[in-house]
Structure formats: C-alpha cells, structure tokens
Amino acid sequence: MRYEEELEGFLNHISLSRTGSDDTRDAYRRDVTHFLEYVEAQEIPSLNDVTRNDISAYVTELRSGKITGTKLSNASYSRHLSALRSFYKYLYRQYGIENNPMHGVHGASGRRKLPEFLTFDQMETMLSQFDLSDPVQVRDRCVIETMYACGLRVSECASLQVSRINLSERFLTVLGKESKERMIPFYPREAQLLEYYLSEARPLFVKEDHDIAFVSQRGTPLSSRSIQNICEEAGERAGLSVHVHPHMIRHSFATHMLDNGADLRIVQELLGHESLSTTQIYTHVTEDRLKQVVNHAHPHAKVK
C-alpha cells in the first residue's frame, strides 16, 4: 500500500498518546486502511489532494456497506469518521499537510443506542451451566465471571496479570484506556473461582512461566477474539435468545450495580470512564425499564 509509512506512524502516535488498547489500534488500522485503499483506487494523487467531494463519495459508500462488505451501525460509522479526523490532524502535525477534507464532517446523529445487557437471571443461567470438573470450562466460567464481577473491557480481561490479583483482599488492578490504572474489588464467589482456576486449571495449560492470567490450552495468553468466542458459545449453550458478547457482560455489570443502588460516580470509577456522561447511559436503561413496567402493570396506563 502506498501510504504504509503514514499509517504506521499514525498508529504509533495513537498507541502512545491516546490509548494502550490493542483493540483500538486494530480498529483504527482497519478504518484508515479502508480509506487509503479508496484513495488509491480513485487514483487521487496524494492525501493532500483529497477533497470534501471525495470524502462525501467515500462516506456514502461506507454507509452503504460497499467499502466494508456490510452496512455499518451508527457507532461504527462514527468511529470511522473519528479515525479519519485524527489521521488528518496527525498528517498536519507530522507532514505539514494543511488540506483537511474532514473539517466539518460529522458522525451519525440521533439518540445514542442504549447498551444491551443480560438480566440477572440470564447471567446466572449462563454462569451455572459450566462443568467445573473440566479445566477448560473452569477457565471459561472464570473469564466471564471476572468480566461480570469487575466490569472489565475484553482487552483488560485478556491482559489481566496474575500478579495484579489480590485474592486475600479480593481486588484486582488493570490498565485501562490511556494506560490508566484502576483497582476493582470483587465478591467472595469470584475470589473462590479465581483461586480454583489459578491453582488447579491454569497450571495444566501453562508450558512456560508468564504472568497473564487467562491462557489457552497451549498455555498462550487468550486473545480478545478468543474471549468473544467463549462468551458467544456460553450464551448459546445456556439457550439465551440474545447474542452474548464481552461488552454485554460489562454492560450487565453496570446496569445491575445501578439497579441495586450503587452511586453513579462509583460505577464510573469502577468502569474507568473519563466522563460521567458516558456512565449515565446506564441510567437511561434503568429509566426505560421502569417505564416499561409501569406501562405494563399500572391500570391507568391502559386508559386512553
């Protein structure tokens, strides 16, 4: 690809200045690569020659699914545009490219989509179906329950270190976005499960000593994709009617905490959200559920 140097420089810049998440870097690589391949296909002489009309044509194809092979959600579309805005800011600072065709281009509008989550009963159904006599299922149950107990992002779960788990005091420490460290306490059942996994199951897999907690049967660290597969398969085996993914587990943690009276700012701190407004989306979940209950159960709700 013609602009490999610019792309790699940008990705290194993102890693150093914005977030330590490999998932974010991978998403930005995909997004910007789609754009650069489009620039080449249209035979645009250079990145400085890209016009607003070129961007308009690109985003039209992007929304239609022609670029990625599938129609994008509002969130994915907005992330694509955010990646391109950041890319052009980087080109200006690093290469002196003054033409910024992304200026004034905005993401999808409308109300933010409410997060999907599992009910408490659904979560317990999924967790209880694991066979704890099988070391692989012990690991898989521990992966899911650790994300649920602590509200972890999938990247945080994949990179969790044994040395950062304090079983006696029942807390663990993770590095979140922008390499910000946070300490998260967990409940006794999670402590018992973690201790059992670390002492009985993990040693059966690990071939060479390292500090990553969750490992494959070959002893290598579980990838984020592997954890996604674990969640999907667990939901299917439990007979749940929803597609379970790691962020749904994190959403469930936040929703259940707020439903049971946790302070919003405490949940913000546990989740590692920079802004309280990001955490407040979960209050809308609770509000919507309350409205549904009232509309269904109150006799006057049915009176026109």
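Please refer to the structure higher up on the page.
What you see is a predicted model, and the numbers here were worked out from it, not measured in a lab.

Draft legend 1. Local environment of the nonpolar core. Core analysis: the largest hydrophobic core is formed by 55 residues, its most contacted members being M126, I144, L172, F214, I227 and I249. In terms of residues, this core owes the most to one element, helix 6 (residues 135–150), which gives 9 residues. Beyond its immediate chain neighbours, meaning those up to four positions away, F214 contacts R139, C142, V143, T146, C157, L160, L194, Y197, T220, P221 and L222. In this structure, Y38, I55, A83 and F87 belong to the second largest nonpolar core, which totals 31 residues.

Draft legend 2. Local environment of the packing of aromatic side chains. Under the definition given, this model contains 9 aromatic pairs. Centroid distance Y197 to F214: 5.4 Å. Interplanar angle 35°. Geometry classified as tilted. Here Y197 is found in helix 8 (residues 188–205), whereas its partner F214 is found in the loop between helix 8 and helix 9 (224–237), with 17 residues between them in sequence. The exposure classification of Y197 matches that of F214, with both residues buried. Every member of this aromatic cluster is reached through a ring pair, and the members are F10, Y28, F35, Y38, Y58, F87, Y88, Y90 and Y95. Residue placement shows R63 over the ring face of Y77; its charged tip is 4.2 Å from the ring centre.

Draft legend 3. Representation of the environment of Y38. Considering the arrangement of structural elements, one finds Y38 in helix 2 (residues 22–41). Residue classification places Y38 among the buried residues on the basis of a relative accessible area of 9%. As a C-alpha pair, Y38 and D54 span 16 residues in sequence and 9.6 Å in three-dimensional space. Here Y38 is in contact with D54, A57, Y58, E61 and I67, once residues within four sequence places are set aside.

Reading guide: rules and limits
Residues numbered from 1 in each chain as written. Predicted model: local features only at pLDDT ≥ 70, side-chain atom pairs only at ≥ 80, totals over all residues. Heavy atoms only, no water. Core = buried A, V, L, I, M, F, W, Y, C linked by side-chain atoms within 4.5 Å. Buried < 20%, exposed > 50% of the residue type's maximum accessible area, 1.4 Å probe, protein only. Helix = DSSP H or I, 4+ residues; strand = E, 2+ residues; numbered from the N terminus. Contact = heavy atoms within 4.5 Å. Phe/Tyr/Trp six-rings, centres within 6.5 Å; stacked < 30°, edge-to-face > 60°. Lys NZ or Arg CZ within 6 Å of the ring centre and 35° of its normal.

So yeah, pure geometry; function would need other evidence.
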